[in-house]
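A closer look at the structure
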Amino acid sequence: MTTMTRQTQQESTATESLTGTLKDSQDNQDSQGSQGSQGSQGSQGAVQPAISVRNLWKVFGPNAENVPGTPELAALSPRELMDQESCVAAVRDLSFDVAPGEVFVIMGLSGSGKSTLVRCLTRLIEPTNGEIFLQGEDVLAANEKALRDLRRRKISMVFQHFGLLPHRQVIDNVAYGLEIRGDSKAERTRRAREVIDLVGLSGNEHSYPDQLSGGMQQRVGLARALAGKPEVLLFDEPFSALDPLIRLDMQNEIIRLHKELGKTMVFITHDLSEALKLGDRILIMRDGEMVQIGTGPELIGAPADNYVRDFVKEIPFSGVLTLRWIMRPAKPGEVLDGPELGPDVVVHEAVRLVLESDHSVKIVENGVLLGVVGNHEILRVVAG
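Residues numbered from 1 in each chain as written. Predicted model: local features only at pLDDT ≥ 70, side-chain atom pairs only at ≥ 80, totals over all residues. Heavy atoms only, no water.

**A short note on helix 19 (residues 375-382)**
To be explicit about the condition: Exposure classes here rest on a 1.4 Å probe applied to the protein chains alone. A residue is buried below 20% of its type maximum, exposed above 50%, and partly exposed in between. Helix and strand assignments come from DSSP, with helices taken as H or I runs of at least 4 residues and strands as E runs of at least 2, each series counted from the N terminus. The directions considered for the arc run from the helix axis to the C-beta atoms.
Those residues of helix 19 not exposed but buried are Glu 377, Ile 378 and Val 381. Looking down the long axis of helix 19, one finds its buried residues gathered within 95 degrees of arc, a one-sided arrangement.

Rendered as structure tokens:
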């Protein structure tokens, strides 16, 4: 135990040493995750969130509705809640916003509550308590007809196991949602061909699912989700069953589609590398609760606790941290005639310029000198 504690302390010290001198504004960006909605509001100003979640609970078990409203029960640990009430709180008092056009990643270990959470957003699983708003519309107050319309027109979901109908050809699988909502055959066929081309499956319209590779099947699932022109796309670990190379290809496909379409996306994963690659912000969950919410550099540069620190410790910091996180103030009398870079340049992209410069690189934003980065700061990150 002493060895493990010492190792954890060493990792904590190493991480703290990499953060450098942080701007005060960074300290206000929810690095602890206790006010998950503020990060989006701060960056988006008065823009209405695409999704807004407030004090959301999902409790399974007898008299589950008593847990959120009873402080003594709400404060119980997962084991205590099971022992005393035979209940499991899969989602515990979560609050966050997702900005329009944002790729918002929810991650955690198996059993952390991330898949339950994403299903609560469309009431595939009914929340026990709390509030969910989609572009200002109260999802929990929606009647059966309104909820059906929301699922058919505003939100689409891409599942891990594809969910394709084996007796239907690709074009009919893609058009299925349009058929259910009553679109004409001509319109749904036209739209299905359009999205099939968008996801790179042209020529496979009349293939059956069992004639396609796993990656191609997932592209069909993605095309089906896009066919209804939803405002929000939900992804529940869609690539976890794919081979590594196919998974990488599908991640790139999501990035491309997001650039082209600008859809709001909520992406569930247990893979931090995937989260860092795809997400504008990442929410990390444990036992149904939010541990931390922030950008990739925020999670790596200022992990909230050892749980987050364990997630990020295997990630090459130089590929995620920006110069903003490692810069230092210029020293009195320091020569400031080195090259300039912006604070959001990723460390690994700046390595050559910094190491080849005779003087520290100036970190400048909007004409204002924020700090400097020299060999010492760069090598400290690169060397880990």
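**Considering the pairing of strand 2 (residues 88-98)**
Keep this limit in mind: For two strands to be treated as a pair, DSSP must find no fewer than two bridges joining them.
Where burial is concerned, most of strand 2 is hidden: 9 out of the 11 residues are buried. Pairing analysis gives 7 bridges linking strand 1 (residues 51-60) to strand 2, with the strands arranged antiparallel. Opposite Val 59, over in strand 2, you have Ala 89 as the bridge partner.

**What about unusual backbone geometry?**
Its identity is not glycine, yet Asn 55 carries a phi of approximately 50 degrees, on the positive side. As for its position among the elements, Asn 55 is in strand 1. Phi is positive for Arg 123, which is not a glycine, with a value near 60 degrees. Exposure remark for Arg 123: the relative accessible area of 14% places this residue in the buried category.

**A look at the nonpolar core**
Basically, it comes down to this: Only buried residues count toward a nonpolar core, which is a set of Ala, Val, Leu, Ile, Met, Phe, Trp, Tyr and Cys residues joined through side-chain atoms within 4.5 Å. Contacts were defined at the residue level, with two residues in contact if any of their heavy atoms lie within 4.5 Å.
Within the largest apolar cluster, 64 residues are counted, with the highest numbers of intra-cluster contacts made by Val 174, Leu 222, Ile 284 and Leu 323. The leading source of residues in this core is helix 12 (residues 214-227), at 6 residues. Excluding residues that lie within four positions of it along the chain, Leu 323 makes contacts with Leu 341, Gly 342, Pro 343, Val 345, Val 347, Ala 350, Ile 363, Val 373 and Ile 378. Membership of the second largest hydrophobic core comes to 29 residues, among which are Val 98, Phe 104, Leu 134 and Leu 234.

**Thoughts on the pattern of salt bridges**
Any two side chains of opposite charge can pair, given that their charged atoms come close. Going by this rule: Every case where a carboxyl oxygen of Asp or Glu lies within 4 Å of a side-chain nitrogen of Lys or Arg is listed as a salt bridge.
Summed over the entire model, instances satisfying the criterion amount to 28 salt bridges. Measuring nitrogen to oxygen at the nearest pair gives 2.5 Å for the salt bridge that ties Glu 253 to Arg 256. Linking Glu 253 with Arg 256, this pair stays in helix 13 (residues 244-261), spanning 3 residues, or about one helical turn. Here the salt bridges do not stand alone but share partners, grouping Arg 219, Asp 249, Glu 253, Arg 256 and Glu 260 into one network.

**Things to note about the sheet that holds strand 10 (residues 289-294)**
Note the cut-off: All axes are obtained by fitting lines to C-alpha atoms, using only the stretch in contact for helices, and the reported angles, taken between N-to-C directions, cover 0 to 180 degrees.
Spatially, the 6 strands line up as an open sheet ordered 6-7-8-3-9-10, and their pairing is mixed. Only two strands of the sheet have a single partner each, and these edge strands are strand 6 (155-158) and strand 10. Going across the sheet, the axis of each strand differs from the next one's by a mean of 20 degrees, ignoring polarity. Strand direction decides the pairing type here: strand 3 (residues 103-108) and strand 9 (residues 281-286), joined by 5 bridges, are parallel. Following the sheet pairing, Phe 104 is matched in strand 9 by Arg 281.

**A word on a nonpolar patch on the surface**
Worth spelling out the cut-off: Patch membership is restricted to residues that have no salt bridge and whose relative accessible area is over 30%. Joining uses 9 Å for like charges and 5 Å for the nonpolar side chains Val, Leu, Ile, Met, Phe, Trp and Tyr. Using a 1.4 Å probe, accessible areas were evaluated by the Shrake-Rupley method; residue-level cover was limited to the displayed protein chains.
A cluster of nonpolar residues, Phe 60, Met 82 and Val 88, forms a patch on the protein surface that exposes about 230 Å² of accessible area. Relative to the elements of secondary structure, Val 88 occurs in strand 2. You can call Val 88 partly exposed: its relative accessible area is 39%.

**Quick look at the pairing of strand 3**
Side chains on a regular strand alternate between the two faces of the sheet. Burial analysis of strand 3 places 6 of its 6 residues in the buried class, the great majority of the element. Alternating positions in strand 3 separate into two faces, Val 103, Val 105 and Met 107 on one and Phe 104, Ile 106 and Gly 108 on the other, with burial throughout.

**What about the layout of surface pockets?**
Regions of empty space are outlined by a rolling probe, equal in size to a water molecule, passed over the atoms. Put simply, the rule is: Every definition here rests on a 1 Å grid over the protein atoms only: cavities are sets of points where a 1.4 Å probe fits but cannot get out, pockets are open sets enclosed by protein on both sides within 12 Å along at least five of seven lines, and lining residues have some atom within 4 Å of a point. Grid points are joined across faces, edges and corners, and a volume is the space filled by probe spheres set on the points.
In this structure, the largest pocket encloses a volume near 570 Å³. Around the largest pocket, the lining is made up of 21 residues, and of these Arg 151, Ile 155, Ser 156, Met 157 and Gly 177 lie nearest the centre. Looking at the lining of the largest pocket, the elements with two or more residues in it are helix 8 (144-153), strand 6, helix 10 (176-180) and helix 12. Looking at the lining of the largest pocket element by element, the count peaks at 4 residues for helix 10.

**A word on the packing of helix 12 against helix 13**
Two measures define how a pair of helices packs: the angle their axes make with one another and the distance between the axes. Condition: In what follows, roughly perpendicular refers to angles from 65 to 115 degrees, roughly parallel to angles under 35, roughly antiparallel to angles over 145, and oblique to any angle outside these ranges. It is the rotation of the near helix from the far one that decides the hand of a crossing: anticlockwise by less than a right angle makes it left-handed, clockwise makes it right-handed.
Orientation of helix 12 relative to helix 13, taken along the N-to-C sense of each, is 20 degrees, at an axis distance of 10 Å. The angle between helix 12 and helix 13 falls in the class roughly parallel. The chirality of how helix 12 crosses helix 13 is right-handed. Residues Gly 215, Gln 218, Arg 219, Leu 222 and Leu 226 of helix 12 form the contact with helix 13, whose participating residues are Ile 246, Asp 249, Met 250, Glu 253, Ile 254, Leu 257 and Leu 261.

**Topic: the sheet that holds strand 4 (residues 129-134)**
Sheets are built from strands that pair by backbone hydrogen bonding, the pairs being arranged parallel or antiparallel. One open sheet holds the 4 strands; their spatial order is 2-1-4-5, and the pairing between them is antiparallel. Edge positions in the sheet fall to strand 2 and strand 5 (137-138), since each of these pairs with one other strand and no more.

**Concerning the packing of aromatic side chains**
Going by this rule: For this analysis, a ring pair means two rings from Phe, Tyr or Trp (six-membered ring only for Trp) whose centres lie within 6.5 Å, classed as stacked if their planes differ by under 30 degrees, edge-to-face if by over 60, and tilted for the remaining angles.
Under the defined criterion, the tally for this structure stands at 4 aromatic pairs. On the basis of an interplanar angle of 55 degrees and a centroid distance of 5.7 Å, the ring pair of Phe 239 and Phe 267 is categorised as tilted. Of the two residues, Phe 239 is situated in the loop between strand 7 (232-236) and helix 13 and Phe 267 in strand 8 (residues 264-269); the sequence distance between them amounts to 28 residues. Across the pair, Phe 267 and Phe 239 agree in class, each one buried. With centroids separated by 5.2 Å and ring planes inclined at 85 degrees, the aromatic side chains of Tyr 307 and Phe 311 adopt a geometry described as edge-to-face. Here Tyr 307 pairs with Phe 311, and both are found in helix 16 (residues 306-312), just 4 residues apart, close to one helical turn. With a relative accessible area of 16%, Tyr 307 lands in the buried category.

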